[in-house]
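Now for the letters of each chain:
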Amino acid sequence: MLRTFGALPNEERARSLSGKDLLWCARHMTLDEEEELDRLCPVCRAEAEEGRCPVCGGQAVHGDCGQNAAFDEERFRTLSRGAKG
């Protein structure tokens, strides 16, 4: 959410936000997105709700959504156990 407003976590305006403020802001961002979708025709809305690649706009394969190809699972496990990697 801070990215949306162009704020860094260590900025005063970001640090002064309470949990309630963040929740309020996130909820209203969600409502704004819903309003945008409500303005679309059914065909365009269905297309807008499909998973799309943020780079090329192609349809994302559901099995690959949210996967970082560069993520090293084994290194993550090692570091999460407190070992130096």
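Source: prediction; values computed, not measured.

Quick word on a negative patch on the surface
On the surface, Asp32, Glu33, Glu34 and Glu35 cluster together to form a negatively charged patch. For Glu33, the position within the fold is in helix α3 (residues 19–38).

As for the environment of Glu34
Mapped onto the elements, Glu34 comes out in helix α3. Assessed through its relative accessible area of 39%, Glu34 is described here as partly exposed.

Some details on helix α5 (residues 73–80)
A side-chain oxygen of the first residue of α5 lies 3.2 Å from the backbone nitrogen of Glu74; this N-cap is Asp72. A positive backbone phi angle near 95° is found at Gly82, which sits one or two residues after α5.

Quick word on the confidence of the model for the chain
Counting all residues, the mean pLDDT for the chain is 84, and 91% of those residues have values of 70 or more. Across the chain, the element-wise mean pLDDT spans from 79 in helix α1 (residues 2–5) up to 93 in α3.

A short note on the state of the cysteines
Applying the stated rule across the entire model yields zero disulfides. This cysteine, Cys44, is not joined by any disulfide, and Cys41 carries the nearest cysteine sulfur, 3.6 Å off.

Things to note about the pattern of salt bridges
Under the counting rule described, the total for this entry stands at eight salt bridges. Among the ionic pairs, Glu49 bridges to Arg45, the shortest N-O distance being 3.1 Å. Taken as a pair, Glu49 and Arg45 lie in helix α4 (residues 42–49) at a separation of four residues, close to a single helical turn. Between Glu50 and Arg52 there is a salt bridge, and its shortest N-O distance comes to 2.7 Å. Overlapping salt bridges, with partners in common, bring together Asp38, Arg45 and Glu49 in one network.

Each value, and the rule that gives it
- Residues numbered from 1 in each chain as written.
- Predicted model: local features only at pLDDT ≥ 70, side-chain atom pairs only at ≥ 80, totals over all residues.
- Heavy atoms only, no water.
- Patch = residues over 30% accessible without salt bridge, like charges linked within 9 Å, V, L, I, M, F, W, Y side chains within 5 Å.
- Areas by Shrake-Rupley, 256 points an atom, 1.4 Å probe, with all protein chains shown as cover.
- Salt bridge = Lys/Arg side-chain N within 4 Å of Asp/Glu carboxyl O.
- Lys, Arg positive; Asp, Glu negative; His and termini not counted.
- Charge placed at Lys NZ, Arg CZ, Asp CG, Glu CD.
- Helix = DSSP H or I, 4+ residues; strand = E, 2+ residues; numbered from the N terminus.
- Buried < 20%, exposed > 50% of the residue type's maximum accessible area, 1.4 Å probe, protein only.
- Polar contact = N/O pair within 3.5 Å; in protein donor to acceptor, adjacent residues only side chain to side chain.
- pLDDT = per-residue confidence, 0-100.
- Disulfide = S-S within 2.5 Å.

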